[in-house]
Amino acid sequence: MTLWNADWLRRIRDVLFERDVSRKIFEHTRNLVVATLVLAAGLEAIEHDPRDIGPLAFRSTGYVVAVLGAGLVLLNLADGIHRLSKSGLPRLWQTLLIAAYVVLFWRVTHLILLFR
């Protein structure tokens, strides 16, 4: 008996495409990238204060944008945790997926800040 027999492939196809899991994965990835970009823009504005923009300083606006980006990341993570809790996956898999999300967020943030 092989690991990748026809039954396993049907199950994977069913989970990914019939239950729209692949679409949800891409939505969460897109949301993660957008939230990370917002957070990185705020951090960049905090780090570099080239000028004042009217009544608000560039740096204080950066703090607002960074907090908004962090809130979006946390909201996306909370949505993922909620969906995982309803998925019926074992707790170990849920924990590993959440840890992977946090590591991915951290690395994407670093990459975006490096490309400024």
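Conventions adopted
- Residues numbered from 1 in each chain as written.
- Predicted model: local features only at pLDDT ≥ 70, side-chain atom pairs only at ≥ 80, totals over all residues.
- Heavy atoms only, no water.
- Helix = DSSP H or I, 4+ residues; strand = E, 2+ residues; numbered from the N terminus.
- Buried < 20%, exposed > 50% of the residue type's maximum accessible area, 1.4 Å probe, protein only.
- Contact = heavy atoms within 4.5 Å.
- Areas by Shrake-Rupley, 256 points an atom, 1.4 Å probe, with all protein chains shown as cover.
- Salt bridge = Lys/Arg side-chain N within 4 Å of Asp/Glu carboxyl O.
- Patch = residues over 30% accessible without salt bridge, like charges linked within 9 Å, V, L, I, M, F, W, Y side chains within 5 Å.

> Can you explain the overall build of the protein chain? Please cite residues and give values.
Broken down by element type, the protein chain carries four helices and two strands. Taking all 116 residues of the protein chain together, 20% fall into the buried category. By sequence separation, contacts in the protein chain at least 24 residues apart represent 58% of the contacts at least 6 residues apart. Accessible area of the protein chain: about 8700 Å², with a carbon and sulfur share of 70%.

> Tell me about the pattern of salt bridges, and name the residues and values.
Evaluated as defined, the whole model comprises two salt bridges. For Arg23, the salt bridge goes to Glu27, with nearest N and O atoms at 2.6 Å. With Arg23 and Glu27 both in helix H2 (residues 21–47) and four residues apart, the pair spans about one turn of that helix. Residue Arg23 is classed as partly exposed on the basis of its relative accessible area, which comes to 42%. On the basis of relative accessible area, Glu27 is assigned to the partly exposed category, the value being 26%. In this structure, Asp79 engages Arg83 in a salt bridge whose closest nitrogen and oxygen atoms are separated by 3.2 Å. Residue Asp79 and its partner Arg83 are located together in helix H3 (residues 58–87), separated by four residues, close to a single helical turn. By relative accessible area, Asp79 is classed as partly exposed at 28%.

> Provide a residue-level description of a nonpolar patch on the surface, including the pertinent values.
Together, Leu89, Leu92, Trp93, Leu96 and Leu97 make up a nonpolar patch on the protein surface, roughly 510 Å² of accessible area in all. Position of Leu92 relative to the elements: it lies in helix H4 (residues 91–114). Given a relative accessible area of 59%, Leu92 falls into the exposed group.

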